[in-house]
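The chain contents come next:
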Amino acid sequence: MASPAARVPRHVAIVMDGNGRWAKKRLRPRSFGHHAGQKAVREAVEFSLRNGIESLTLFAFSSENWNRPATEVGALMDLFLKALDKEVDELHGNGVRIRFVGDLDAFAPELRQRMLGAMERTAGNAALNMNVAVNYGGRWDIAQAARKAAEAVARGELAASQITEDTLASYTCLADQPPLDLFIRTGGEHRVSNFLLWQVAYAELYFTDTLWPDVDQACLAEALDDYARRERRYGRTGEQVANAS
Ligand code: FPP
């Protein structure tokens, strides 16, 4: 049996789904749900700090989310800007290292600058890595990693024959972080939706019907309890796993 400490996931990723439905139930616009979702983000950060999770990766805006109505995209951009103003001091005070992962070039210069500023400011923190995926897609991540490897080959720094899974992984967005252990999706859908495609290979998947704005510490604790009961075999048999621990 693994020790209790080993059963706490080092790296948790969350698809924060259900904001729109949460708002609809209350006859409010979708942006109201996104605002409410911000509170659940705070809960998730607090929970991660309290439970010794090393990395928390949140899917805040996918590359496909640009296709939503302009008013919703605008409201989300506004929310991100305000959140950066409002939350970074406290996150920094709590030792959280913030990183935005995704293609940041698509964002307005002001927002991009603030994202880069928050990353720089918190770069020395080590209590928790909070990775916020914005304009992110798992396929994009794999493609940009392949492009970087190809560029290294073109510069003569790498031979094409040296490109292995490990080399390619080293060019993906979260290469310096612990392997993804637990992938959570809220809001009742059972899909990966182009999030962390490379990293999800051996992650445990956990789905809950709870809509993201309703997610609290108890809901996250249930996900961790469920994770603690999983047997991670990585292709081995259950007996091999039992004998190895
Ligand atoms: C998906 O729910 C949620 C999003 C596309 C946005 C997530 C953003 C937040 C939680 C806001 C705060 C985030 C940060 C990092 C400050 P949905 O709109 O697809 O919900 P639905 O499936 O019910 O329509």
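Up top is the structure these notes are about.
Predicted model, so just to flag it, every value in this text is computed and none were measured.

A. Quick look at the overall build of the protein. The helix and strand inventory of the protein stands at 8 helices and 6 strands. When the helices and strands of the protein are read in sequence order from the N terminus, they spell out β-α-α-β-α-β-α-β-α-α-β-β-α-α. At 19 Å, the protein has a C-alpha radius of gyration in line with the 18 Å of a compact globule built from 245 residues. Summarising its shape, the C-alpha atoms of the protein cover approximately 55 × 45 × 35 Å along the three principal directions. For the protein, the proportion of contacts with a sequence separation of at least 24, taken over those separated by at least 6, is 74%. Summing over all exposed atoms, the protein offers an accessible surface of approximately 12800 Å²; the carbon and sulfur share of this is 52%. With 30 positive and 32 negative side-chain charges, the protein shows a spacing of 4 Å between the two charge centroids.

B. Spotlight on the sheet that holds strand E3 (residues 96-101). Strand order in the open sheet formed by 6 strands is E3-E4-E2-E1-E5-E6, with parallel pairing between adjacent strands. Each end of this open sheet is capped by a strand with a single partner; those strands are E3 and strand E6 (204-207). On average, adjacent strands in this sheet sit at an angle of 20 degrees to one another, irrespective of strand direction. Here strand E1 (residues 11-15) runs beside strand E5 (residues 182-185); their pairing, made up of 4 bridges, is parallel. Residue isoleucine 14 lies in a different strand from E5, and its bridge partner there is isoleucine 184.

C. Structural detail: the packing of helix H2 (residues 30-51) against helix H7 (residues 217-228). Between H2 and H7, whose axes approach to 9 Å, the crossing angle comes to 50 degrees. One element, H2, and the other, H7, form an angle in the oblique class. Where H2 crosses over H7, the two elements pack in a sense that is right-handed. The residues of H7 that touch H2, namely those facing Glu43, Ala44, Glu46, Phe47, Arg50 and Asn51, are Gln217, Leu220, Ala221 and Leu224. Partitioned by chemical class, the residues of the contact of H2 with H7 number 5 nonpolar, 2 polar and 3 charged.

D. Broad picture of the pairing of strand E2 (residues 55-62). Buried residues dominate E2, accounting for 8 of its 8 residues. Pairing of E1 with E2, which is carried by 5 bridges, proceeds in the parallel orientation. Paired with isoleucine 14 across the bridge in E2 is leucine 58. In this sheet, strand E4 (residues 128-136) lies alongside E2 in parallel orientation, the contact comprising 7 bridges. Directly across from serine 55, in E4, lies its bridge partner asparagine 129.

Basis of the calculations
Residues numbered from 1 in each chain as written. Predicted model: local features only at pLDDT ≥ 70, side-chain atom pairs only at ≥ 80, totals over all residues. Heavy atoms only, no water. Helix = DSSP H or I, 4+ residues; strand = E, 2+ residues; numbered from the N terminus. Rg over C-alpha atoms; globule rule 2.2 N^0.38 Å. Contact = heavy atoms within 4.5 Å. Areas by Shrake-Rupley, 256 points an atom, 1.4 Å probe, with all protein chains shown as cover. Lys, Arg positive; Asp, Glu negative; His and termini not counted. Charge placed at Lys NZ, Arg CZ, Asp CG, Glu CD. Pairing = 2+ DSSP bridges. Axes fitted to C-alpha atoms, helices over the stretch in contact; angles between N-to-C directions. Parallel < 35°, antiparallel > 145°, perpendicular 65-115°, else oblique. Left-handed = near helix turned anticlockwise from the far one by under 90°. Nonpolar A, V, L, I, M, F, W, Y, C, P; charged D, E, K, R; others polar. Buried < 20%, exposed > 50% of the residue type's maximum accessible area, 1.4 Å probe, protein only.

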